[in-house]
Amino acid sequence: MSRLNFQLEATASGSRARAGRFTTLHNEVLTPTFMPVGTHAAVRAQRREDVLDSGAGVLLANTYHLMLRPGVEIFEKFGGIHRFMNWPRSVLTDSGGFQIFSLPGSRSVSEECAEFKSYVDQTLIRLSPESSIAAQRAIGSDIMMVLDQCVPSTVEHGVAERAMELTHRWALRSLAARGDSPQALFGIVQGASYADLRAASARAIADMPFDGYAIGGLAVGEGSGAREDCTGIVTELLPQDKPRYLMGVGTTRDLLEAVHRGVDMFDCILPTALAKQGVAFTSQGRRDLRRAAYRGMDGPIDPKCGCPTCRTYSIAYLFHLNKVQEPQGWQLLGLHNVHFYMQLMRTMREHILADDWLGFYRSQRDLLDARDGYGAPVRHVTKAQRQKLKLKLGRYEVVVRDRIGRIREMTSGEVMHPVNDPAEEARSLYVEQSRLVERLTEPEAAPLVVWDVGLGAGTNAMAAIQAVEAMRRPANRGRANPRPAGTQRRLALVSFENDLDSLRLALRHPAWFKHLRHAAPRGLLADDRWSSAAAGVDWLLLRGDFGATKFTAPLPDVIFFDPFSFKTDSALWTLAAFRELANLLSGKAAELFTYSYSTSVRAALLAAGFYVARGRGTGPKSETTIGLTPRAAVDADGGGISHGRELLGEEWLDKWRRSDAQAPMGTDSSDASWHQAVTAHPQFQARFVYSSPRTRGARR
């Protein structure tokens, strides 16, 4: 039985955002919640009374630092950290794993323990799962953390896998060491930035009887996109009835994105660390008080904040304190930042409980991370530099070849449509191959629903819109669409995207992105929808994680499955994601088109229940992939195929058996069910052997 008695109160519609509560040895905690960091049993430059007034229900302290100074014996003398620091609410202690990872100089990790030198007196310290738990029991925290091995998020797969497996073995030892202590204990999911390792770790840790589960090893070198993807993979697999904790994260935007993906608890040093640099988090984004624009500005740092700093002091005064490096300036800005973080968590909880989370989430995504725009830039920017800056936005930049623009994701270095003309590829691979125009001429009253998964720079969506507009021009209507204009089948286009910076950036450069010389993309960004009565098109934008927002969309007839890449959108390519999609489309005749033809992706589609066919080639790829739901693949009477697609046959299956990449992304090596699902798939049975459209007549 859990020592926290976690209660899930609500989950927001169209999201995994959750509101809950749990009870520690000292108080009830409402989630989502932020835990101010008191590494050395104090929040930097903050009075205990001010932190209490902010509403903080849990503080984070660090076992590694506290066992060195003041030492475990001091906590034993005082009866624990609560009396030592006179803190009446909960304390969570980190085990020290991240601090060991961060140590300069020599350190070593073995099966038994981690060894390192004390930064206090250079003595050799051996920290094992058992000694870490013993120290945390003496400190007397309400929530203890297992000792884990943290590695950089960008290490090689093999290194990350070995660290993950050691973390799992240490987790079992930590559970045994906890014994009958009434203190709660959280397990930690590791796996660097690899989707398969994150999924495997989540399953392994979730099988252990912890009181809550943490996501560790993030915010250590990966980009925000990779961090959000890893978080989404893990929360999908963790138990619903236990709290989830994202360790060491992050900015207010990071918190918003993680809550959207189902995280309940957070800690980070940023509120006080950035305050020391003169940076404040506000309802209008960040404010940097190193800028001379604030020198004479009256009014509070955030007019919507009711903290003591905002009630008492002007921006000009805070600017002055920061300028002269007066420590009180750090203290006052830190006080505001802590209050702002706590108020943000309360506001998020209110919107989850009111079930209007998605509107709040969409309104805050760009606002929370905005940089202030008061006054002139801090430094002079040359004309050449300004031109270069126009080619970048967020994590994206424009690259141009043969006067055709493409978008590069700077964290991974990957380019959208790196070889082919993106517009030509969109027309061939998605519009023509899906028979979009022909479908719109069918005698069907219901709209044709097309999902555009991965809006990106809008290439696929605009290819569809322009094809429909061309078909329905008066000069073409008689040939392409004999139905009267008033009875035309409408196109309902639904685009999914969690980062619109790529589209915003492309819109700045219509000379290189010619498909955007149209009113539709700007209308979509402004209102999340755009319609054309003349063309019979309704375009809807669903912002956020596709894993959550797809449940709010009308079921599709066609899916353009075009996430950026395996690396940047790994969560979308896992077996679990395809199974969830297949379940959603159960009973629906739908086709999915994607640029990938990798063995693991095709195996994932098959194991999820899709029928899989070869798609037409594009650029250097000799073929792509088409996925079909059973209703789309099989005649109503179950008597064979009805679609004319070239299904994969025994030749592919033999090649798959010999492949080193058999396993779908996100699968557990101990779970063989997916292997059986592929080999026993109905499409490899006798009646589907002759699946090429060239031989359809011969079969019947």
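In this text, all values refer to a predicted model and were calculated from it rather than measured experimentally.

All right, on to the overall build of the protein chain then. From N to C terminus, the protein chain includes 28 helices and 29 strands. A compact globule built from 700 residues would reach a C-alpha radius of gyration of about 27 Å, and the protein chain, at 28 Å, matches this within 12%. In terms of its C-alpha atoms, the protein chain occupies a principal-axis envelope of roughly 85 × 60 × 45 Å. Burial statistics for the protein chain: of 700 residues in total, 58% are counted as buried.

Strands sit in the order 4-14-13-12-11-10-6-5 across an open sheet of eight strands; the sheet is parallel. Looking at strand neighbours, the two that pair on one side only are strand 4 (33-36) and strand 5 (58-62), the edges of this open sheet. Across the sheet, the mean angle from the axis of one strand to that of its neighbour is 25 degrees, orientation sign disregarded. Sheet topology places strand 5 next to strand 6 (residues 90-94); five bridges connect them, and they run parallel. In the strand pairing of strand 6, Leu60 is matched with Leu92.

As a further point, take the nonpolar core. Judged by nonpolar contacts, the single largest core of 94 residues is most densely connected at Ile407, Trp451, Leu491 and Trp539. When residues in this core are grouped by element, the largest group, eight residues, is from helix 18 (residues 459-471). Counting 80 residues, the second-largest nonpolar core is a separate cluster that includes Leu66, Ile81, Met144 and Leu255.

Another aspect to go through is the packing of aromatic side chains. Scanning the model with the defined rule gives 21 aromatic pairs in all. When the ring of Trp451 is compared with that of Phe546, the centres are 5.9 Å apart and the planes differ by 85 degrees; the resulting orientation is edge-to-face. With Trp451 in strand 21 (residues 448-453) and Phe546 in helix 22 (residues 546-549), this residue pair connects regions lying 95 residues apart in the sequence. Across the pair, exposure class does not vary: Trp451 and Phe546 are buried alike. Site record: aromatic cluster; members linked through ring pairs are Phe561, Trp573, Phe578 and Tyr595.

Take the sheet that holds strand 19 (residues 404-409) next. Sheets are built from strands paired through backbone hydrogen bonds, the pairs being either parallel or antiparallel. Strand order in the open sheet formed by four strands is 17-18-19-20, with antiparallel pairing between adjacent strands. Looking at which strands have only one partner, the edges of the open sheet turn out to be strand 17 (392-393) and strand 20 (414-415). Bridging between strand 19 and strand 20 involves two bridges; their strand directions are antiparallel. Bridge pairing in strand 20 links Arg408 to Val415.

One can find Thr625 in strand 28 (residues 624-628). Under the relative-accessibility criterion, Thr625 is labelled buried at 0%. In terms of polar contacts, Thr625 uses its side chain to reach the side chain of Arg602, at 2.9 Å. Aside from chain neighbours lying at most four places away, what touches Thr625 is Leu592, Phe593, Thr594, Ser596, Tyr597, Arg602, Leu605, Val612, Ala613 and Gly615.

All right, on to the pattern of salt bridges then. The tally for this structure, following the rule as stated, stands at 37 salt bridges. Across the pair Glu28 and Arg21 runs a salt bridge whose closest N-O atoms are separated by 3.0 Å. When its relative accessible area of 42% is taken as the criterion, Glu28 is described as partly exposed. Residue Glu257 is joined to Arg261 by a salt bridge in which the shortest nitrogen-to-oxygen separation is 2.8 Å. Classification of Glu257 by relative accessible area gives buried; the value is 1%. By relative accessible area, which is 2% here, Arg261 ends up buried. Linked through salt bridges whose partners overlap, the residues forming this network are Glu228, Arg253, Glu257, Arg261, Arg365, Asp366, Asp501 and Arg504.

What follows is about helix 13 (residues 327-353). An ideal rise of 1.5 Å per residue puts 39 Å on 27 residues; helix 13 measures up with 40 Å between its terminal C-alpha atoms. Burial within helix 13 is extensive, with 20 of its 27 residues counted as buried. Asp355 occupies a position one or two residues after helix 13 and carries a positive phi of about 60 degrees.

A few words on the pairing of strand 25 (residues 558-561). Every second residue of strand 25 is oriented toward a common face, with Val558 and Phe560 on one face and Ile559 and Phe561 on the other, all of them buried. Where strand 21 and strand 25 come together, four bridges link them in parallel fashion. Pairing of Trp451 across the sheet is with Ile559, part of strand 25. Pairing between strand 25 and strand 26 (residues 591-594): four bridges, direction parallel. In the strand pairing of strand 26, Phe560 is matched with Phe593. Each parallel crossover has a hand, and for strand 25 linked through helix 23 (residues 575-584) to strand 26 it is right-handed.

A separate point is the packing of helix 12 (residues 315-323) against helix 13. Orientation of helix 12 relative to helix 13, taken along the N-to-C sense of each, is 130 degrees, at an axis distance of 7 Å. On the basis of their axis angle, the class for helix 12 and helix 13 is oblique. At the point where helix 12 passes helix 13, the crossing takes the left-handed sense. Facing Tyr317, Leu318 and Leu321 of helix 12, the residues of helix 13 in contact are Gln328, Gly329, Leu332 and Leu333. Grouping the constituent residues of the contact of helix 12 with helix 13 by class yields five nonpolar, two polar and no charged.

In this section: the environment of His157. Here His157 shows up in helix 6 (residues 157-178). Sequence spacing of His157 and Asp196 is 39 residues, and the spatial spacing of their C-alpha atoms is 9.8 Å. Residues contacting His157, with those up to four places away along its chain left out, are Tyr194, Asp196 and Leu197.

Okay, helix 16 (residues 422-432) next. Buried residues of helix 16: Pro422, Glu425, Ala426, Leu429, Tyr430 and Val431, and no others. Seen end-on, helix 16 carries its buried residues on one side only, within an arc spanning 160 degrees. Looking at the buried side of helix 16, the elements it contacts are strand 19, helix 17 (436-440), helix 18, strand 25, strand 26 and strand 28. One side-chain oxygen of the residue at the start of helix 16 lies 3.0 Å from the amide nitrogen of Ala423, identifying that residue as Asp421.

In the contact formed by helix 23 and helix 24 (residues 599-608), the axes pass within 8 Å of each other and the chain directions differ by 40 degrees. In terms of axis orientation, helix 23 runs oblique to helix 24. Crossing geometry of helix 23 relative to helix 24 is assigned as right-handed. The segment helix 23 lies against helix 24, with Leu575, Phe578, Arg579 and Ala582 engaging Ala604, Leu605, Ala607 and Ala608. For the contact of helix 23 with helix 24, the per-class residue count stands at seven nonpolar, no polar and one charged.

About the criteria used
Residues numbered from 1 in each chain as written. Predicted model: local features only at pLDDT ≥ 70, side-chain atom pairs only at ≥ 80, totals over all residues. Heavy atoms only, no water. Helix = DSSP H or I, 4+ residues; strand = E, 2+ residues; numbered from the N terminus. Rg over C-alpha atoms; globule rule 2.2 N^0.38 Å. Buried < 20%, exposed > 50% of the residue type's maximum accessible area, 1.4 Å probe, protein only. Pairing = 2+ DSSP bridges. Axes fitted to C-alpha atoms, helices over the stretch in contact; angles between N-to-C directions. Core = buried A, V, L, I, M, F, W, Y, C linked by side-chain atoms within 4.5 Å. Phe/Tyr/Trp six-rings, centres within 6.5 Å; stacked < 30°, edge-to-face > 60°. Polar contact = N/O pair within 3.5 Å; in protein donor to acceptor, adjacent residues only side chain to side chain. Contact = heavy atoms within 4.5 Å. Salt bridge = Lys/Arg side-chain N within 4 Å of Asp/Glu carboxyl O. Expected span 1.5 Å × (residues − 1). Right-handed = clockwise from strand over helix to strand, strands pointing away. Parallel < 35°, antiparallel > 145°, perpendicular 65-115°, else oblique. Left-handed = near helix turned anticlockwise from the far one by under 90°. Nonpolar A, V, L, I, M, F, W, Y, C, P; charged D, E, K, R; others polar. Arc of directions from axis to C-beta.

Just geometry here; none of it tells us what the structure is for.
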